[in-house]
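Coordinates in review
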Amino acid sequence: MNLRTRLAEFFKRKENAVQGGGPKAIEKQHAQGKLTARARITALLDPQSFHECDMFVEHKCEDFGMDKKHFPGDGVVTGTGKIQGHPVCIYAQDFTVAGGSLGLMHARKITKIMDQAMKLGVPLIGINDSGGARIQEGVNSLAGYGEIFFRNTLASGVIPQISVVLGPCAGGAVYSPALTDFVFVVDKISKMFITGPEVIKTVLGEEISMEELGGARVQVEISGNAHFYAASEQECFDQINRLVTFIPWNNKKKADPYPAALPKPEYSLERVIPAEPTQPYDVRDVIRAIFDGSDFFEVQEHWAANIVVGFARLKGETVGIVANQPLVLAGVLDVDSSDKAARFIRFCDAFNIPLVTLVDLPGYLPGVDQEHAGVIRHGAKILYAYSEATVPKITVILRKAYGGGYIAMCSRHLGADFLFAWPTAEIAVMGPEGAANIIFRAEIAEAADPAAMRRQKVAEYTEKFANPFIAAANGHVDAVISPQETRGFLIHALEISAHKSESRPAKKHGVPPS
Ligand code: HXC
C-alpha cells in the first residue's frame, strides 16, 4: 500500500469514528438540546487544545449480534487538553453509540485516561451521558465500572475530579460522579438514578418520570448529589472554566494566584449587618464586601442553603469559605448542612486551599426529625473535618456562636490558627432566652411578675455572656476587630500562614463519621 492509499484509509476510518452513532442518532441528540461528545469537549476546553487518543479502540464482544462497525471508539471519546491554560485529562461518553453504554473496552479507555491524569498530576474531567452497564457485555461491563470506581477512589485528594452529567445517567453511570469532587448538571438534560422509572414501575408499581425521579433540580436541591446547576450546556462549561481558576492542578500545588482586587464599593459591611441581633441578612453580602473583586464562586448553592460554601480570593490567593447563612433557618447546622460543609472542608484541605470560616448560628437544629435522621453522626462530620484539616484556618465570629455551633464552626479548640470576633459577637452556651428559662426557672416562676422577671434575667444574661469579651479574656478569641478591619486582618493572617506546616498522628486513615 502506498502512502496515498494509507492516508485515504486513515481518513476514512477517522471519518467513521467521528461520525459516532451516525446522522440519525446525532439528530436525536441535538433535538434534546444536547451536543455530541466531541462537540462538548471542544466547547469546554481552550480552542484547538484537545488531542484525542484511542479513537480506534474496538470492543471485543461477539454476543447478541454486536458488530464493531456500530461502536466507533466504543462509545467514549478520551484525550488531553487545556482549560484556562491548565492541562487536563478528559473523557466524554458518546450517547449516539449504544446509548453511551459502558462495555469493557469503553471502560478501559476511561481507566487509561484516569491513570494518565494521575501520572501527570492534572485534573480529570468526565462528561457522562450513558445508559449504564452495557447489557450485552454482562459481567465485563460491571468489571469496567469497578475499575473506574477503584481509580476514582485512589485519585480522591490527589487530583481534582470533575464530573459533568449530560444525559440520562443510569445505574453504574452515577457512581463514578458520586465519587468525584464536583458534579455539574444541566436543566432538562441531566438525569441521575440507580434504577430507572421502568424498574420502579415493575418493582413498586409506581409511575414517575425521569425528571421527577432524578432530574437536574432534584439533584441540586433535594438529594445534594450535584454541586452546580446550569440552564444550558454552554453555561455549564462556563462554570467549569471558572471553577478551574480557583483550584490547583493537584495536591502538591497551590491554586494559581490571581491579580489582587479590592471588593466593589457597593458592598459595605456597615449596611449588611442589621442592628437587631435576631434579624437575618445574606452572609454572601458579607463575603462580597470582604473578598477580592466581590467575586464569590458558590458551591452547592441550591442545597442546604443554611450554610454557604465556595471559593473566593484574598489578595489574589484562593480561599475556601464556609459561612452560616442567617437568611435560611437562622444558619443552623443540621444533617445536610453538616454534610455539605464537611465535604467542602476536606476538599480544601486536600488541595492546599486555606479556609476562612464566618460564624453566625444559634447551634444545631433541635427536633425529632433531625435526631432520627442522624444529626449526631452527620453533625460530627464537620467537627472531624475541621479537626483533621491542616491548611491555614481563619475564623471570624460575626454575631451568634452558641453551644455546639461555636465549637463546630472552626473554633480555636478545633485548631483554628486565627480567631477573630466582631464586637457584635455573642459567644455563649445558648441564646439568652433559652439560658434564662433554664437557669432562672425557679426565680421566674416564683416572681410576682414572671414576665418582668424573665425580661430582667434575659437582660442580665445578655449583658454578661452575649459579647465577645469573655471569650477574648480567656484567650479563645485572638482579637476583637471592627467589621471594617476584617479584610486587613484576614490578609495578614493568610500571609503569615503562607508556610504553615502541621502534621497529624501517622495512621493508615481515619474513620470519619458517615
Ligand atoms: C446497552 C443500551 C443501554 C445499555 C441504552 N442502550 N442503554 N445498550 N446497554 N445499558 C441503547 C439502546 O438500546 C438504544 O440502542 C440506544 O442505547 C439509545 O437508547 P434509547 O433507549 O433509545 O434512549 P432513550 O429513550 O433516550 O433512553 C435512555 C435510557 C434507556 C433511559 C438510558 O436507554 C435505559 O433505560 N437504558 C437502560 C438503563 C439501565 O437500566 N441501566 C442500568 C444498567 S445496570 P439503539 O440501537 O436502539 O439505538 C448498571 C449496573 C452497574 O449500570 C452497577 C454498578 C454499581
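As the structure is a prediction and not an experimental result, all values here were calculated from the model.

**Some words on the overall build of the protein chain**
Summing up its helical and strand segments, the protein chain has 21 helices and 17 strands in all. Relative to its length of 514 residues, the protein chain is compact, with a C-alpha radius of gyration of 26 Å against a globular reference of 24 Å. In terms of its C-alpha atoms, the protein chain occupies a principal-axis envelope of roughly 105 × 55 × 45 Å. Entry remark: accessible area of the protein chain is about 23,400 Å², with carbon and sulfur atoms responsible for 58%.

**Thoughts on the packing of aromatic side chains**
Aromatic rings considered in pairs are described by the distance between their centres and by the relative angle of their planes. One pass over the full model with this rule turns up 16 aromatic pairs. A centroid spacing of 6.1 Å and a plane angle of 50° characterise the contact between F182 and F228, whose relative ring orientation is tilted. Of this pair, F182 sits in strand β7 (residues 182-186) while F228 sits in strand β9 (residues 228-230), placing them 46 residues apart in sequence. The exposure class assigned to F182 is buried, which follows from its relative accessible area of 2%. Taking the relative accessible area as the measure of exposure, F228 reaches 4% and is therefore buried. Note on Y461 and F465: the rings are 4.9 Å apart at their centroids and 45° apart in plane angle, and the pair reads as tilted. Separated by four residues within a single helix, Y461 and F465 lie in helix α19 (residues 450-465), roughly one turn from each other. Taking relative accessible area as the criterion, F465 reaches 29% and is therefore assigned partly exposed. The rings of F182, F184, F228, F246, F297, F311, F344, F347 and F351 are connected pair by pair, giving a single aromatic cluster. The ring of Y229 has R217 sitting right over it, with the charged end atom 4.4 Å from the ring centre. Lying over the aromatic face of F440, K457 brings its terminal NZ or CZ to 4.8 Å of the ring centre.

**Section: the packing of helix α17 (residues 432-439) against α19**
Packed helix pairs are specified by the crossing angle of their axes together with the interaxial distance, meaning the distance between the axes. Running from amino to carboxyl end, α17 crosses α19 at an angle of 115°, the nearest separation of the two axes being 9 Å. You can see that α17 and α19 cross each other, and the crossing is right-handed. Of the residues in α19, those touching α17 at P432, E433, A435, A436, N437 and I439 are R454, K457, V458, Y461 and T462. Looking at the contact of α17 with α19, its residues break down into six nonpolar, two polar and three charged.

**Some remarks on the nonpolar core**
Considering soluble globular proteins, one finds that nonpolar side chains tend to be buried as a cluster. Ranked by size, the top nonpolar core spans 64 residues in total, and within it I240, F311 and V322 carry the most contacts. Core analysis: the second largest hydrophobic core is formed by 31 residues, I290, A312, I394 and L490 among them.

**Let's talk about the sheet that holds β9**
Reading across the sheet, the seven strands line up as β1-β2-β3-β4-β5-β7-β9 and stay open at both edges, with mixed pairing between neighbours. In the strand order of this sheet, the two ends are held by β1 (51-53) and β9, each with one partner. With strand direction ignored, the average angle separating the axes of adjacent strands in the sheet is 20°. As paired strands, strand β4 (residues 124-128) and strand β5 (residues 161-165) are joined by five bridges and run parallel to one another. Bridge pairing in β5 links N128 to V165.

So, how was this worked out
As a convention, each chain's residues are numbered from 1 in the sequence order in which they are written. For this predicted model, a pLDDT threshold of at least 70 governs which residues receive local features, and a threshold of 80 or more governs which side-chain atom pairs are given and counted, while totals over whole chains, interfaces and linings are taken from all residues. The side-chain figures draw on all heavy atoms in the structure; neither hydrogens nor water molecules are used. In this description a helix means any DSSP run of H or I spanning at least four residues, a strand means any run of E spanning at least two, and both kinds are numbered starting from the N terminus. We compute the radius of gyration over the C-alpha atoms and compare it with the globule rule, which gives 2.2 Å times the number of residues raised to the power 0.38. Computed by Shrake-Rupley with a 1.4 Å probe, the accessible areas treat only the displayed protein chains as cover when residues are assessed. Two rings belonging to Phe, Tyr or Trp (six-membered ring only in the last case) form a pair when the distance between their centres is within 6.5 Å. Interplanar angles under 30 degrees mark stacking, angles over 60 mark edge-to-face geometry, and anything in between is tilted. Each residue is placed in one exposure class: buried if its accessible area under a 1.4 Å probe, protein chains only, is under 20% of its type's maximum, exposed if it is over 50%, and partly exposed if it falls in between. A ring has a charge above it when a Lys NZ or an Arg CZ is no more than 6 Å from the ring centre and no more than 35 degrees off the ring normal. Orientation is described by lines fitted to C-alpha atoms, with helices fitted over the stretch in contact, and by angles between N-to-C directions that extend from 0 to 180 degrees. Helix crossings are classified by the rotation of the near helix relative to the far one: an anticlockwise turn of less than a right angle makes the crossing left-handed, while a clockwise turn makes it right-handed. Note on definitions: a residue-residue contact is assigned when non-hydrogen atoms from the two residues lie within 4.5 Å. Gly is placed with the polar residues, together with every amino acid not listed as nonpolar (Ala, Val, Leu, Ile, Met, Phe, Trp, Tyr, Cys and Pro) or charged (Asp, Glu, Lys and Arg). Here the nonpolar core consists of buried residues drawn from Ala, Val, Leu, Ile, Met, Phe, Trp, Tyr and Cys, with membership extended through side-chain atoms lying within 4.5 Å. Strands were regarded as paired on the criterion that DSSP finds at least two bridges between them.

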